[in-house]
Amino acid sequence: MSKVLITYERGNNTTDVNLASFRLLFSHMSIQWREKKTTLVSHSDLLWCDVCLAIRPNSVYSQRIAEVAKKTGIFYIVSFDDDLLNLPSSHPEEWKKKYSLFCLKYAKAVISPNPLILNDYYKYSPDAKAILTNAIVEDCEIKAPHIIGNKLRIVYPAGRDHLELFNKYIKPILYDILAKYHKEVDITIIGVEPKLDESEYKNSIHLIKGMSYEEYSSYMKNHDFDIGLAPLGRSSFAARKYFAKYIEYAKYGIMGLYSDTMPYTLAVKDGINGVLVADSALAWRYSLIRIIHNKNLIDRIVFNSQQNLRDKHSIDSMVTSLRNSCAEIEYYSKSGEDRIIYRRPLLAAIIYNCRDFYERVKYHYRYEGVKSILNRIDRKSTRLNSSHTDISRMPSSA
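Bear in mind the structure is a predicted one, so any value in this text is a computation, not a measurement.

The rules behind each value
Residues numbered from 1 in each chain as written. Predicted model: local features only at pLDDT ≥ 70, side-chain atom pairs only at ≥ 80, totals over all residues. Heavy atoms only, no water. Patch = residues over 30% accessible without salt bridge, like charges linked within 9 Å, V, L, I, M, F, W, Y side chains within 5 Å. Areas by Shrake-Rupley, 256 points an atom, 1.4 Å probe, with all protein chains shown as cover. Salt bridge = Lys/Arg side-chain N within 4 Å of Asp/Glu carboxyl O. Buried < 20%, exposed > 50% of the residue type's maximum accessible area, 1.4 Å probe, protein only. Helix = DSSP H or I, 4+ residues; strand = E, 2+ residues; numbered from the N terminus. Pairing = 2+ DSSP bridges. Axes fitted to C-alpha atoms, helices over the stretch in contact; angles between N-to-C directions. Contact = heavy atoms within 4.5 Å. Parallel < 35°, antiparallel > 145°, perpendicular 65-115°, else oblique. Nonpolar A, V, L, I, M, F, W, Y, C, P; charged D, E, K, R; others polar.

*Asks:* Quick question: what am I supposed to make of a nonpolar patch on the surface here?
*Replies:* A cluster of nonpolar residues, Leu347, Ile350 and Ile351, forms a patch on the protein surface that exposes about 340 Å² of accessible area. Residue classification places Ile350 among the exposed positions, given a relative accessible area of 52%.

If you want it as structure tokens, here you go:
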């Protein structure tokens, strides 16, 4: 039985999804594990572990951990569900790719759900094992199909950074669809914060603020949506994402409309377990109207997509796949424990954190303005105050 230290850079919905998947996977294997944010990893954590699994490593902290792992015989694994080496130049984390490259150089295995990433990253880790993974869905997570009501309920959940996609593919057709079918459709937009004009159809559009992964999961379980939208631009970076929206929609009994591009074409067969849509707002309009006039397609496509989850995304199939591709994750035992010396990179961390703060402020100012930055600071302050209040209320024995 190996001891696995899972490290991650920051807490967010993407991290939560990754951690939840590894927890479920490891709970069905002979593995002990602990999870640590890279800034909190200690000497004792590295002394304890046989294997270090780094989720999306791209910081000076991950670089230092990788160095220690290399020197002390820890089996070092990196996991990338996005192409962090080829982020757009405008992305606030593009400058961090040097840290990801460093970690890849020391990796003994590379995990990704996207075959393009594994193929691309091979040149940086030619001796590392390539491990293709899939999201795990337990049968109890799959929501029973619901009866379609008088109105088709359409949902578009995404982060604020997907506003450009919304404006390109959905916003141009939104009012046109509602003008013709406002008695037949209802649209919920989650997370994205679009600027919409006042309209007589505003009661058919529901804007829901972004929420944590747990809150989002609960919300989707408790609301019966019929159609889910998943537009994605055509680019090398987008093609190297994961088809997480397909997993979500199938799991919650929603028929998905997906851009006809990678990564969705890895999972979706058009008209069978989803609908693939060409790269234009007009194509999205046509596909929506076709479904509005053929509601009977929804039940069949939902059934097929949920059966696909049961066949290809079960815990048993994922455990078997991981054991076959990287037995070390379960059975590796390191040597050289007494040589482990790990200290956090204090001076380098100060420089790193200053630049990280600067790049983020610059990005949000460029795309969202000063007001957005002030709102973010206010939200962060509120969360910190709330967290402090909750802790102060805990009994001393907690």
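Here the narrative resumes, following the displayed structure.
*Asks:* How should I be thinking about unusual backbone geometry in this particular structure?
*Replies:* When glycine is set aside, most residues are seen to have a negative phi, and most peptide bonds are trans. Cis geometry is adopted by the peptide bond preceding Pro263, which originates at Met262 and carries an omega value of 5°. Mapped onto the elements, Pro263 comes out in the loop between strand E11 (255–259) and helix H10 (264–267).

*Asks:* Just to check I follow, could you spell out the sheet that holds strand E9 (residues 205–208) for this structure?
*Replies:* In any sheet, the strands associate via hydrogen bonds between backbone groups, in a parallel or an antiparallel arrangement. Strands sit in the order E9-E8-E7-E10-E11-E12 across an open sheet of six strands; the sheet is parallel. Edge strands, defined here as strands with exactly one partner in the open sheet, are E9 and strand E12 (275–277). In this sheet, neighbouring strand axes are inclined to one another by 20° on average, regardless of whether the strands run parallel or antiparallel. When strand E10 (residues 227–230) meets E11, the two strands line up parallel, connected through four bridges. Looking at the pairing, Ile227 lines up with Met255 of E11. The strands touched by helix H7 (residues 213–221) are strand E7 (152–157), strand E8 (185–190) and E9; relative to E8, the strand with the most contacts, the crossing angle is about 170°.

*Asks:* What is the right way to look at the sheet that holds strand E1 (residues 2–8) in this model?
*Replies:* Pairing is parallel across the open sheet formed by six strands, whose spatial order is E2-E1-E3-E4-E5-E6. Either end of the sheet is taken by a strand with one partner, and the two such strands are strand E2 (31–37) and strand E6 (129–132). Strand-to-strand twist across the sheet, computed as the mean angle between neighbouring axes with direction ignored, equals 20°. Strand direction decides the pairing type here: E1 and strand E3 (residues 51–55), joined by five bridges, are parallel. Looking at the pairing, Tyr8 lines up with Ile55 of E3.

*Asks:* For this particular structure, what's the right way to read the packing of helix H1 (residues 13–26) against helix H13 (residues 315–325)?
*Replies:* Each packed pair of helices is defined by two parameters, the angle between the axes and the distance between the axes. Packing of H1 against H13 brings their axes to within 10 Å, and their N-to-C directions diverge by 85°. The angle between the axes of H1 and H13 places the two elements in the roughly perpendicular class. Facing Leu24, Leu25 and Phe26 of H1, the residues of H13 in contact are Ile315, Met318, Val319 and Leu322. A per-class count over the contact of H1 with H13 returns seven nonpolar, no polar and no charged.

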